[in-house]
Amino acid sequence: MCHNEAMPLVAIIILVIFGVILLIGLLVTLIDHFTKENEEKEKEERNFPRKESPSSLSTANKGNRGEEKVASTLARLYSESPYCHLINDITIEDESSNLHQIDHILIKSNGIFVIETKDWNGTIVGKDEDKEWTQISNGVRTNHLNPLDQNDIHCQAVEEILPSLSPIPVVIMVKNNMPFESNAMINFDEIENFFSTD
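This is a predicted model, so every value here is computed, not measured.

Here is what the cut-offs are and how they apply
- Residues numbered from 1 in each chain as written.
- Predicted model: local features only at pLDDT ≥ 70, side-chain atom pairs only at ≥ 80, totals over all residues.
- Heavy atoms only, no water.
- Helix = DSSP H or I, 4+ residues; strand = E, 2+ residues; numbered from the N terminus.
- Buried < 20%, exposed > 50% of the residue type's maximum accessible area, 1.4 Å probe, protein only.
- Contact = heavy atoms within 4.5 Å.
- Areas by Shrake-Rupley, 256 points an atom, 1.4 Å probe, with all protein chains shown as cover.
- Phe/Tyr/Trp six-rings, centres within 6.5 Å; stacked < 30°, edge-to-face > 60°.
- Pairing = 2+ DSSP bridges.
- Axes fitted to C-alpha atoms, helices over the stretch in contact; angles between N-to-C directions.

Peer 1: Please provide a residue-by-residue account of the overall build of the chain, values included.
Peer 2: When its secondary structure is counted, the chain shows 4 helices and 8 strands. Starting at the N terminus, the α and β elements of the chain follow one another as α-α-β-β-β-β-β-β-α-β-β-α. By the burial criterion, 29% of the 198 residues in the chain qualify as buried. By sequence separation, contacts in the chain at least 24 residues apart represent 48% of the contacts at least 6 residues apart. Summing over all exposed atoms, the chain offers an accessible surface of approximately 13600 Å²; the carbon and sulfur share of this is 56%.

Structure representation (structure tokens):
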């Protein structure tokens, strides 16, 4: 009788060991696949580097200058405060493996502010509900994604990481040319007043 009861236990142990071996094999295969895929992408980028057009480079540089201006102002206002922390130019990954580049996150006693900086010249035309906004500068019209929508997506990604907190979205217009009044958008010259309230 004892011999028969031991047989199912031995069979279960063998099945568990076999399952663990299969799981390890699957993990090794997946890791190997993704490692090779990343190596191929890196090799392709080295052999065929992506070339930026001069206009896209100048737009990127302008955006960086605006982000640096906002970061410098926020650092000046809050660097001495033990209750504030500023994180600039951070990329986070959401649950769907999408990457989100966030210009600034300001952590204060009254909340976590997720900040999108826009350094757009000229007149900005757009409404809260519009998918795109139009920038009119020197007679040239350029369409941009609605930065309020863009920043709401960043806030959702931050909230996935910190579910107990509700990030506060803020878009800062560096050229002081916001198209309409909004609780989630300020001009650059309003930074100190906006963030000084606790």
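Peer 1: How would you summarise the packing of aromatic side chains if you had to cite specific residues and measurements?
Peer 2: All told, the structure shown has 4 aromatic pairs when counted by the stated rule. Judged by centre distance (5.7 Å) and plane angle (70 degrees), the rings of W133 and F180 are edge-to-face. Of the two residues, W133 sits in strand 5 (residues 132-137) while F180 sits in the loop between strand 7 (168-173) and strand 8 (185-187), which places them 47 residues apart along the sequence. In this structure W133 comes out as buried when scored by relative accessible area, which is 0%.

Peer 1: Would you mind going over the sheet that holds strand 7 in detail, with residue names and values included?
Peer 2: Read across the open sheet, the 5 strands follow the order 1-2-3-7-8; overall the sheet is mixed. Because the sheet does not close on itself, it has two edges, and the strands there are strand 1 (85-93) and strand 8. Across the sheet, the mean angle from the axis of one strand to that of its neighbour is 35 degrees, orientation sign disregarded. As judged from the 5 bridges shared by strand 2 (residues 99-108) and strand 3 (residues 111-118), these two strands associate in the antiparallel manner.

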